[in-house]
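# Architecture and fold: a report
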Amino acid sequence: MTGDPIDAMSHEQPLIVVMGVSAAGKSTVAAALAARLNTPWLDADDLHPVPNLEKMAAGVPLDDSDRWPWLDLVGDALGVAARRDGIVIACSALRHTYRDHLRASAHGVRFLHLHGSRELLLSRAAARHDHFMPASLLDSQISALEPLRGGEPGARFDVALPVDDVVEAALAWMAVSPVPHTDHITRNATPAPGAGRTAENRLSVADGERTSEGTES
Ligand SMILES: Nc1ncnc2c1ncn2[C@@H]1O[C@H](COP(=O)(O)OP(=O)(O)OP(=O)(O)O)[C@@H](O)[C@H]1O
Ligand SMILES: O=C(O)[C@H](O)[C@@H](O)[C@H](O)[C@H](O)CO
């Protein structure tokens, strides 16, 4: 690789979704990547309606009807960020339809899928004591996950590597991956009834090896 990956991207606002199952390192990598890109970052967990958080904390997996209103808010945040400085969002985005919805919310959304073995993620989840998500939900997350497939703009990264290495790999991939056109994709979720938090006001407080397995797009 030659040149600085960040310089190579300076003509566009990065719209990055760091995706994957719980404890994959989404928040950690999103924050570190955003610092390198000099963009805000947002933890999509902060947009979950309270009943979703309560459900997960009680050890019950979310279903589609829980996730759609939340994904609307995540998509709104991408739309706002596209008109500002770009953003890195940590968001599970487990299914193809969820990712299509996010891609339809703003032009040029790309996905970084953080992948690790069940054993590694279980150990990292179990070591957390300040998180609402019980480690017991990891298997349901793995079951729900639909990996990136051809046509989805993204790549998979191995989280057994140190955080800095994951970030370097992500920057290297971003530098060589074209920003996708998404005009053909439409949002398919319904607005959250009575959602009180808007992407605009959330963003105001959000300042915050290319995969050895190859890209998935
Ligand atoms: N590459 C890494 N190497 C070592 N530890 C890591 C790495 N990435 C993340 N961690 C640690 O693993 C744990 C899970 O990371 P993090 O909370 O960022 O995951 P997450 O995907 O955002 O989780 P959730 O979606 O459940 O909120 C944290 O304790 C974090 O410090
Ligand atoms: O789609 C989902 O089921 C949720 O977003 C979960 O992934 C959690 O919010 C996150 O992983 C926190 O542990």
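The rules behind these values
Residues numbered from 1 in each chain as written. Chains lettered and ligands numbered in written order. Predicted model: local features only at pLDDT ≥ 70, side-chain atom pairs only at ≥ 80, totals over all residues. Heavy atoms only, no water. UniProt positions renumbered as here; feature names shortened; annotations may be inferred. Pairing = 2+ DSSP bridges. Helix = DSSP H or I, 4+ residues; strand = E, 2+ residues; numbered from the N terminus. Axes fitted to C-alpha atoms, helices over the stretch in contact; angles between N-to-C directions. Contact = heavy atoms within 4.5 Å. Salt bridge = Lys/Arg side-chain N within 4 Å of Asp/Glu carboxyl O. Buried < 20%, exposed > 50% of the residue type's maximum accessible area, 1.4 Å probe, protein only. 1 Å grid on protein atoms, 1.4 Å probe; cavity = no way out; pocket = protein on both sides within 12 Å on 5 of 7 lines; lining within 4 Å. Points joined across faces, edges and corners; volume = space filled by probe spheres on them.

Going by the annotation in an unreviewed UniProt entry, the name recorded for the protein is Gluconokinase, with Microbacterium lemovicicum given as the source organism. Looking at the Pathway (unreviewed entry) heading of the UniProt record, one finds this comment for the protein: "Carbohydrate acid metabolism." In its Sequence similarities (unreviewed entry) section, the UniProt record describing the protein reads: "Belongs to the gluconokinase GntK/GntV family."

## Notes on the sheet that holds strand S2 (residues 41-43)
Strand order in the open sheet formed by 5 strands is S2-S3-S1-S4-S5, and the pairing between neighbours is parallel. Edge positions in the open sheet fall to S2 and strand S5 (154-158), since each of these has one partner strand only. In this sheet, neighbouring strand axes are inclined to one another by 20 degrees on average, regardless of whether the strands run parallel or antiparallel. Two elements, strand S1 (residues 15-19) and strand S3 (residues 87-90), share 4 bridges in a ladder whose sense is parallel. Bridging across to S3, Val17 finds its partner in Ile89. Each of S1, S2, S3 and strand S4 (109-115) touches helix H4 (residues 64-82); the most contacted strand, S3, lies at about 165 degrees to it. In the packing of helix H5 (residues 96-103) onto the sheet, contacts are made with S1 and S4, and the angle to S4 comes to roughly 145 degrees.

## Concerning the pattern of salt bridges
Under the criterion given, the structure shown has 8 salt bridges. Ionic pairing is found between Asp63 and Lys55, a salt bridge with its closest N-O pair at 3.7 Å. Lys55 gets classed as partly exposed once you look at its relative accessible area, which sits at 24%. In this structure, Glu146 and Arg95 form a salt bridge, with 3.4 Å as the shortest nitrogen-oxygen distance. Pair noted here: Glu146 is in the loop between helix H7 (138-144) and S5 and Arg95 is in the loop between S3 and H5, with a separation of 51 residues, a long-range link.

## Topic: the layout of surface pockets
Put simply, the largest pocket is a space of about 400 Å³. The wall of the largest pocket is formed by 28 residues, among which Ser22, Ala23, Lys26, Asp45 and His131 lie closest to the centre. Where the lining of the largest pocket is concerned, the elements lending two or more residues are helix H2 (26-37), H4 and H7. Sort the elements by how many residues they give to the lining of the largest pocket and H2 lands first, with 3 residues.

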